[in-house]
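Summary of structural features
Chain by chain, the residues:
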Amino acid sequence: MSATNTDFALAIEDLTVSFDGFKAIDNLTLYIDKNELRVVIGPNGAGKTTLLDLICGKTRATGGSIKFKNQEVTKIAEYQRVRLGMGRKFQTPSIYENLSVFKNLEVSYPSGRSVLGALAFKCTDDVRQRVQEVAQDIGLADKLQLEAGLLSHGQKQWLEIGMLLMQDPELLMLDEPIAGMSASERDQTADLLNRICKNRAVIVIEHDMDFVKRIAHKVTVMHQGKILAEGSMEKVQSDPQVIDVYLGH
Ligand SMILES: Nc1ncnc2c1ncn2[C@@H]1O[C@H](COP(=O)(O)OP(=O)(O)OP(=O)(O)O)[C@@H](O)[C@H]1O
């Protein structure tokens, strides 16, 4: 396999990052297909969050390469990666609590991204239509006029995913999306993720194995900054090394 293959949404090769000599990501190679939902699992400190930090540009790699849609992005800034079509959701929601759900989605439309764009921004029919589509996807179509601060914890997480979807990203990264959610919110989040990975690649970091089973096309198991195992849920679950370092605990 080679990163010249244009069929990958994301091609990561020999990626390394050192913090004061400690390799949090150690020569890691990973390929994500278009429209693939990949779940990354592994014990605490395995390097999962650091991997997403490197992909989105929050942290700079010490070595190796990250290609997004066959374009080298390893050295470009975080905002430039967003413009190319990457979206990253962090664990704490960053919604505008005192604006309506509609407004939260509207201000996330790409033309509002620059200061000039935001000043000149008009809520056209295109924007309204996009807000409606995204609201359907995230299950908040009947909550558009509600103040976002009044949503439940789970609904706030979905709204934040919706704000990323407004930009129609081709790669979406989610770090523990069901943390703190009720059982029914977890079920709905699984359905939501299964819906939104139809048009884009999605990488999810998750610890809840029942949830992983419901969403993963493929699972990558990380350990000490490297990939320990990769493949279907069944394959990694029955891998003795994975049971030893992660699932058996
Ligand atoms: N900026 C940094 N400076 C120094 N060390 C760091 C930095 N970021 C991460 N690390 C270290 O890198 C290792 C991997 O951390 P990371 O948060 O990526 O693990 P993780 O797999 O996401 O763990 P968890 O499941 O607990 O979130 C840890 O040992 C962490 O202490």
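You'll find the structure just up there.
Let us look at the structure shown here.

What counts, and at which threshold
- Here the residue numbering is sequential within each chain, running from 1 through the sequence in written order.
- Per-residue local features of the predicted model are confined to residues with pLDDT of at least 70, and side-chain atom pairs are confined, for both listing and counting, to 80 or more; whole-chain, interface and lining totals are unaffected and use all residues.
- Side-chain calculation: all heavy atoms of the structure are included, whereas hydrogens and water are not.
- The way it works is that DSSP assigns letters per residue, a run of H or I at least four long becomes a helix, a run of E at least two long becomes a strand, and they are numbered from the N terminus.
- Atoms counted for the radius of gyration: C-alpha only. Globule rule: 2.2 Å times residue count to the power 0.38.
- Each residue's exposure class comes from its accessible area (1.4 Å probe, protein chains only) as a fraction of the maximum for that residue type: buried when under 20%, exposed when over 50%, partly exposed otherwise.
- Here a residue-residue contact requires only that any non-hydrogen atoms of the pair lie within 4.5 Å.
- Here a residue is near a molecule or strand as soon as one of its heavy atoms is found within 4 Å of it.
- In the analysis that follows, any N or O atom pair within 3.5 Å is treated as a polar contact, provided that within protein one partner can donate a hydrogen and the other can accept it, and provided that, for residues neighboring in sequence, both atoms belong to side chains.
- For accessible areas, the Shrake-Rupley method is used with a probe of radius 1.4 Å. Any residue's cover is judged against the shown protein chains and nothing else.
- Three classes are used: nonpolar for Ala, Val, Leu, Ile, Met, Phe, Trp, Tyr, Cys and Pro, charged for Asp, Glu, Lys and Arg, and polar for all others, with Gly counted as polar.
- By this rule the span expected of a helix is its residue count minus one, scaled by 1.5 Å.
- Each C-beta atom gives one direction from the helix axis, and the arc is the one those directions make.
- Fitted lines through C-alpha atoms serve as axes, helices being fitted only where they are in contact, and the angles separating the N-to-C directions of these axes extend from 0 to 180 degrees.
- We call two directions roughly parallel when the angle between them is under 35 degrees, roughly antiparallel when it is over 145, roughly perpendicular when it lies between 65 and 115, and oblique otherwise.
- Whether two strands pair comes down to DSSP finding at least two bridges between them.

**Focus: the overall build of the protein**
- Summing up its helical and strand segments, the protein has 10 helices and 10 strands in all.
- Its C-alpha atoms give the protein a radius of gyration of 18 Å, near enough to 18 Å, the size a compact globule of 249 residues would have.
- Projected onto its principal axes, the C-alpha coordinates of the protein cover approximately 50 × 40 × 35 Å.
- Across the 249 residues of the protein, 49% fall into the buried class.
- Sequence-distant contacts, at least 24 apart, represent 67% of the contacts inside the protein between residues at least 6 apart.

**Structural notes on the site of the ligand**
- Around the ligand, a shell composed of F19, F22, A24, P43, N44, G45, A46, G47, K48, T49, T50 and H207 is seen.
- In this structure, an oxygen atom belonging to the ligand sits 2.9 Å away from a main-chain N or O atom of G45.
- Backbone polar atom of A46 to an oxygen atom of the ligand: 3.1 Å apart, as the coordinates give it.
- Relative to its unbound accessible area of 640 Å², the ligand is 58% covered by the protein chains.
- For the shell around the ligand, the secondary-structure elements that each account for two or more residues are β2 (22-33) and α1 (48-56).
- Of the residues contributing to the shell around the ligand, the split by class is five nonpolar, six polar and one charged.

**A short note on helix α7 (residues 183-196)**
- Between the first and last C-alpha of α7 there are 20 Å, a value that for 14 residues agrees with the 20 Å anticipated at 1.5 Å per step.
- Those residues of α7 not exposed but buried are E185, T189, A190, L192, L193 and I196. Down the axis, α7 shows its buried residues gathered within 165 degrees of arc, on one side only.

**What to know about the packing of helix α6 (residues 153-165) against α7**
- Contact geometry of α6 with α7 gives a least axis separation of 10 Å together with a crossing angle of 10 degrees. Regarding the angle of α6 to α7, the classification is roughly parallel. Where α6 approaches α7, its residues G154, Q155, W158, I161 and L165 are matched on the opposing element by E185, Q188, T189, L192 and I196.

**Section: the sheet that holds strand β5 (residues 71-72)**
- Strand order across the open sheet formed by four strands is β2-β1-β4-β5, with antiparallel pairing between neighbours. Edge positions in the sheet fall to β2 and β5, since each has one partner strand and no second.
- Examined bridge by bridge, strand β1 (residues 8-19) and β2 share eight bridges and lie antiparallel to one another. When the sheet's bridge partners are listed, I12 is paired in β2 with L30.

**Overview of the pairing of strand β8 (residues 201-205)**
- The buried fraction of β8 amounts to five of the five residues, a majority that puts the element mostly inside the structure.
- A two-sided burial pattern is seen for β8, the buried positions comprising A201, I203 and I205 on one face and V202 and V204 on the other.
- Bridging between strand β3 (residues 37-41) and β8 involves four bridges; their strand directions are parallel. Among the inter-strand pairings, L37 is bridged to a residue of β8, identified as V202.

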